[in-house]
Amino acid sequence: MTEPLLSIERVSHEFGARRALLPGRRTHLAVDDVSLTIGAGESVALVGESGSGKTTLGRVVAKLITPTAGRVLVDGRDVGALSGRELLAYRRTVQMIFQNTQHAFNPRRRIRDILADPYEIHGLPAPDGRDAALGELLERVGLHASMLDRYPHQFSGGQRQRVGIARALSLGPRLIVADEPVSALDVSVQAQVLNLFARLRRELGLSLLFISHDLRAVYFLCERIAVLYQGRLVEVAPRERLLEHPLHPYSRRLIAAVPGLGERDSAEVSQAEAPGPAPAPGVAAESPAAAAGCHYASRCPLYARLGAPERCRAERPALRPAAGGSAVACHFATEGEEPGANVSSVVSEEVG
Amino acid sequence: MTGDQPLLSVRDLAVEFGRGTRVSRPVDGVGFEVGEREIVGIVGESGCGKSLTLLALLGLLPSGGRVVNGSITFGGRDLRGADPSVLRSLRGRQVALIPSDAGAALNPVARVGKQLRLSLRTHHPDLTAQQRRGRALDALRRARLARPEQALAAYPHELSGGMQQRSAIALGLQNEPRLLLADEPTTALDVSIQAEILRLLVQLRDELGTAIVFVTHDISTVREICDRVVVMYAGQVVEQGGVEDVLTSPRHPYTAALLGSIPPLGGVPPEQLETVPGMPPDPAAWPGGCRFQARCRRFTELGEPDECTSTWPGSADGLALGAACHFPLEGVRR
């Protein structure tokens, strides 16, 4: 395999780490020893519940925050060491799209000025006049060049997200980090924006790090899915593999939670799969830093079924390769015994 | 539904805002019924009038909004013409609202327990402080809060999003209302927590017999919990019926398009998802005929028939089952 476009190598990020020595300060390990690669033209999803660290990891990749440990490589070069001109070049390579389109733009500036910023900052002359370039950008994302003089509030949520995509595209990036870009939108508008992402990927060969808690959107857009739970990667797998043979108990739980349009009994499956009301994230669960073993054990149905094996409490499971290109961080997950089999049969019926 | 009178019956409901030349009618002829113990979903995109319909039922329209037509009957009583004091005595007691953003709906400077007790004191002035505390605790337990005693003493910001939503549900439930109006109760939540809250609503209906009106923009959640579904577009009901019927063989092109825009989970993903081109019409100037016509693929396919632009294909009171369409889809099983 050729060198990946992006490698995340053992990245951790702890909020409040710098002040941790002061008494009474608490730190929060948002991302905990995560490694992941994205190939050129590949689209990878980060999924997980809120507080799983997916946004933090995305911001690390976009170099909006510097991780407290580990490094990020683009084309084999350590991003952390970049500065000045090289850093600007990196910013042209990797761009970010945000979830909340109301807050992602300065409300007092016209779209023309918002879209011109990247060119100004990078000192790039637009090929045939700036206006032509900006108009073309808007048209590429399905808006009209005549909208350049509007203000952000004059657009609908879906249109504003298109402007966000246009801004990210302006410098010809190779990787886009999209943080929940469609979750604030209506279902039918979501479909339009997802289609736009799919088209841009095909036309421009973009790589994508797509952060979402919506497995349906993720399945449509991304070839590989990485599942985060409280800052740690618990499973990375090709999309079909994850859906049909989820290995980690948490992945199974996530898949079972997807509201179904298939048979009603998917509700029963999720009931069987979920071990009673789960502790709310961050409140009841032990902090990952404190847990030496598997941080999912306290919620894990497999752990309960196996009679609370000592190993889950004592030893942190490493991400290990499994069949079909999957990797899973669980001591006991095997493909053999599979409550997930029910889930996948329901899911495939729905497709048929 | 049985032959008995439904718990809630809404007919030909219309809501207007503005005066003079800028009158808009975001809810225009909505009708549906909710039976005892029934869960009815109202689905539609933002701006279709689904939330305003809900607020109109409670007499809680934002300022400037007024019900200009139709009837609202709850438990045999007319709510539209009811005195504000009558509505006040019903709200929270017999009909309760669960808001979409519980974090914003709870009072940030009062402990959860205090907010629960305040509502109890309003509706049950005869209870002692001790009894009120007990009832509040029960309600939190019923909403499946992991540690109800702690939640009682907590301020809303100290709770996670899921726990805030459970507290709001407890607040709605503690007076054991006959009807619960849930306005997008899960949209602010994660998928896994969303699934838990949906399951909780079904459990509560099963245990307490509370009927629920569940408003959402996400048609896939409707399948999880609702018995019947009402699909709204541009202030009107475009299709209603049993959940299985409507979601497995939608008759209205809009319902079909909504379902088609949900990315399929499994198999080889399509190159493009189905979308509805264009934007919904402006409530200040509804077009004549079928309001969906300008975005309807079927209209184009059939060679733009005149009926679609001239006559509204629905029923007068908005109550009819099936699709409000001149040329409904036939037996398309999804």
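Because the structure is predicted, anything quoted here is derived from the model rather than measured. (Residues numbered from 1 in each chain as written. Chains lettered and ligands numbered in written order. Predicted model: local features only at pLDDT ≥ 70, side-chain atom pairs only at ≥ 80, totals over all residues. Heavy atoms only, no water.)

**Details of the overall build of chain A**
Inference 1: On a plain count of helices and strands, chain A comes out with 13 helices and twelve strands.
Inference 2: Here chain A holds 352 residues, and the buried ones make up 55% of them. (Helix = DSSP H or I, 4+ residues; strand = E, 2+ residues; numbered from the N terminus. Buried < 20%, exposed > 50% of the residue type's maximum accessible area, 1.4 Å probe, protein only.)

**Description of the packing of aromatic side chains**
Residue and element names in this part refer to chain A.
Inference 1: Under the definition given, this model contains seven aromatic pairs over all chains.
Inference 2: Aromatic pair F197 and F210: ring centres 6.0 Å apart, planes at 80°, arrangement edge-to-face. Here the residue F197 occupies a position in helix α6 (residues 187-204), and F210 occupies one in strand β8 (residues 207-212), the gap between them amounting to 13 residues. Here the two residues F197 and F210 agree in accessibility, since each one is buried.
Inference 3: Taking the centre distance of 4.9 Å and the plane angle of 80° together, the rings of Y229 and Y296 count as edge-to-face. Remark: Y296 occurs in the loop between α10 (266-273) and α11 (301-305) and Y229 occurs in strand β9 (residues 224-229); sequence separation between them is 67 residues. (Phe/Tyr/Trp six-rings, centres within 6.5 Å; stacked < 30°, edge-to-face > 60°.)

**Points about the sheet that holds strand β1 (residues 6-15) of chain A**
Where strands meet in a sheet, backbone hydrogen bonds hold them as pairs that are either parallel or antiparallel.
All names here are of chain A.
Inference 1: In space, the four strands of this open sheet follow the order β2-β1-β4-β5, with antiparallel pairing throughout. With partners counted over all chains shown, the strands left at the sheet margins are β2 (28-38) and β5 (77-78), one partner each.
Inference 2: When β1 meets strand β4 (residues 69-74), the two strands line up antiparallel, connected through five bridges. Counterpart to E9 in the pairing with β4 is R71.
Inference 3: The strands touched by helix α1 (residues 54-61) are β1, β2 and β4; relative to β1, the strand with the most contacts, the crossing angle is about 120°. (Pairing = 2+ DSSP bridges. Contact = heavy atoms within 4.5 Å. Axes fitted to C-alpha atoms, helices over the stretch in contact; angles between N-to-C directions.)

**Focus: the packing of helix α4 (residues 112-123) of chain B against helix α5 (residues 129-142) of chain B**
The angle between the axes and the distance between the axes are what describe a pair of packed helices.
Residues and elements named next belong to chain B.
Inference 1: Axis separation between α4 and α5 bottoms out at 9 Å; the angle between their running directions is 115°. It follows that α4 is roughly perpendicular to α5 by the angle criterion. Viewed along their axes, α4 and α5 form a crossing whose handedness is right-handed. For the pair α4 and α5, contact is made by V112, L116, R117, L120 and R121 and by R132, R133, R135, A136 and L140, respectively.
Inference 2: Classifying every residue of the contact of α4 with α5 by side-chain character gives five nonpolar, no polar and five charged. (Parallel < 35°, antiparallel > 145°, perpendicular 65-115°, else oblique. Left-handed = near helix turned anticlockwise from the far one by under 90°. Nonpolar A, V, L, I, M, F, W, Y, C, P; charged D, E, K, R; others polar.)

**Describing the sheet that holds strand β12 (residues 327-328) of chain A**
Residue and element names in this part refer to chain A.
Inference 1: One open sheet accounts for eight strands, arranged β6-β7-β8-β3-β9-β10-β12-β11; its pairing is mixed. Across the chains shown, the open sheet's two edge strands, defined by having one partner strand only, are β6 (94-97) and β11 (320-321).
Inference 2: Bridging between β11 and β12 involves two bridges; their strand directions are antiparallel. Note that in β12 the partner of R320 across the bridge is V328.
Inference 3: Along the sheet face, α1 touches β3 (43-47), β6, β7 (175-179), β8 and β9 and points at about 155° away from the line of β8.

**Let's talk about the interface of chain B and chain A**
Inference 1: Listed per partner, the contact involves 46 residues of chain B and 46 residues of chain A.
Inference 2: Summed over the three residues of chain B that lose the most area to chain A, namely B:V191, B:R223 and B:L265, the buried surface amounts to 18% of that side.
Inference 3: Run the count over chain B and chain A and you get one salt bridge.
Inference 4: Across the pair B:E196 and A:R253 runs a salt bridge, and its minimum N-O distance is 2.9 Å.
Inference 5: Put simply, the parts of the chain that give the side of chain B that touches chain A at least two residues each are α8 (191-208), α9 (219-225), α10 (243-248) and α11 (253-260) of chain B.
Inference 6: It is α8(B) that contributes the most residues to the side of chain B that touches chain A, eight residues altogether.
Inference 7: Each residue belonging to the side of chain B that touches chain A can be placed in one class, and the counts come to 21 nonpolar, 14 polar and eleven charged. (Buried area = accessible area lost by both parts, 1.4 Å probe. Salt bridge = Lys/Arg side-chain N within 4 Å of Asp/Glu carboxyl O.)

**Things to note about the confidence of the model for chain B**
Inference 1: Taken residue by residue, chain B gives an average pLDDT of 90. The fraction at 70 or more is 98%.
Inference 2: Within chain B, the element-level pLDDT minimum falls on helix α3 (residues 102-105) of chain B, averaging 81, and the maximum on strand β3 (residues 39-43) of chain B, averaging 97. (pLDDT = per-residue confidence, 0-100.)

**Some details on empty space enclosed by the protein**
Residues and elements named next belong to chain B.
Inference 1: Following the criterion strictly, the structure yields six cavities of 30 Å³ or more and no others.
Inference 2: Taken as a whole, the second largest cavity encloses approximately 100 Å³ of empty space.
Inference 3: Contributing to the lining of the second largest cavity are 14 residues, with C290, C296, C308, C325 and H326 lying nearest its centre.
Inference 4: For the lining of the second largest cavity, the residue count by class is ten nonpolar, three polar and one charged. (1 Å grid on protein atoms, 1.4 Å probe; cavity = no way out; pocket = protein on both sides within 12 Å on 5 of 7 lines; lining within 4 Å. Points joined across faces, edges and corners; volume = space filled by probe spheres on them.)

**What to know about the nonpolar core**
Among soluble globular proteins, nonpolar side chains are generally buried collectively.
Inference 1: Core analysis: the largest hydrophobic core is formed by 70 residues, its most contacted members being A:I165, A:F197, A:F210 and A:L221.
Inference 2: Looking at which element gives the most residues to this core, the answer is α6(A), with eight residues.
Inference 3: In this structure, this core is formed jointly by two domains, domain 1 (6-222) and domain 2 (248-351) of chain A, each of which donates at least three residues.
Inference 4: Core analysis: the next-biggest nonpolar cluster, separate from the first, contains 58 residues, B:A154, B:L198, B:F214 and B:V229 among them. (Core = buried A, V, L, I, M, F, W, Y, C linked by side-chain atoms within 4.5 Å. Domains from an automatic or database assignment.)

**With respect to the environment of B:P281**
Residue and element names in this part refer to chain B.
Inference 1: Among the structural elements, P281 can be located in the loop between α11 and α12 (297-301).
Inference 2: With eleven residues separating them in the primary sequence, P281 and F292 have C-alpha atoms 8.4 Å apart.
Inference 3: Excluding anything up to four places from it in sequence, P281 contacts Y233, A234, W286, P287 and R291.

**Regarding the pattern of salt bridges**
Inference 1: The full count for this structure, using the stated rule, is 36 salt bridges over all chains.
Inference 2: Two residues, A:K54 and A:E180, come together in a salt bridge whose shortest N-O distance is 3.8 Å. Placement of A:K54 in helix α1 and of A:E180 in the loop between β7 and α6 is noted, with a sequence separation of 126 residues between them. The residues A:K54 and A:E180 share a single accessibility class, namely buried.
Inference 3: The residue B:R205 makes a salt bridge to B:D227 at a minimum N-O spacing of 3.1 Å. Of this pair, B:R205 sits in helix α8 while B:D227 is found in the loop between α9 and β9 (228-233), placing the two residues 22 residues apart along the sequence.
Inference 4: Residue B:D227 is classed as partly exposed on the basis of its relative accessible area, which comes to 30%.
Inference 5: Taken together, the salt bridges that share partners define one network made up of B:E16, B:R25, B:D28, B:R66 and B:R291.

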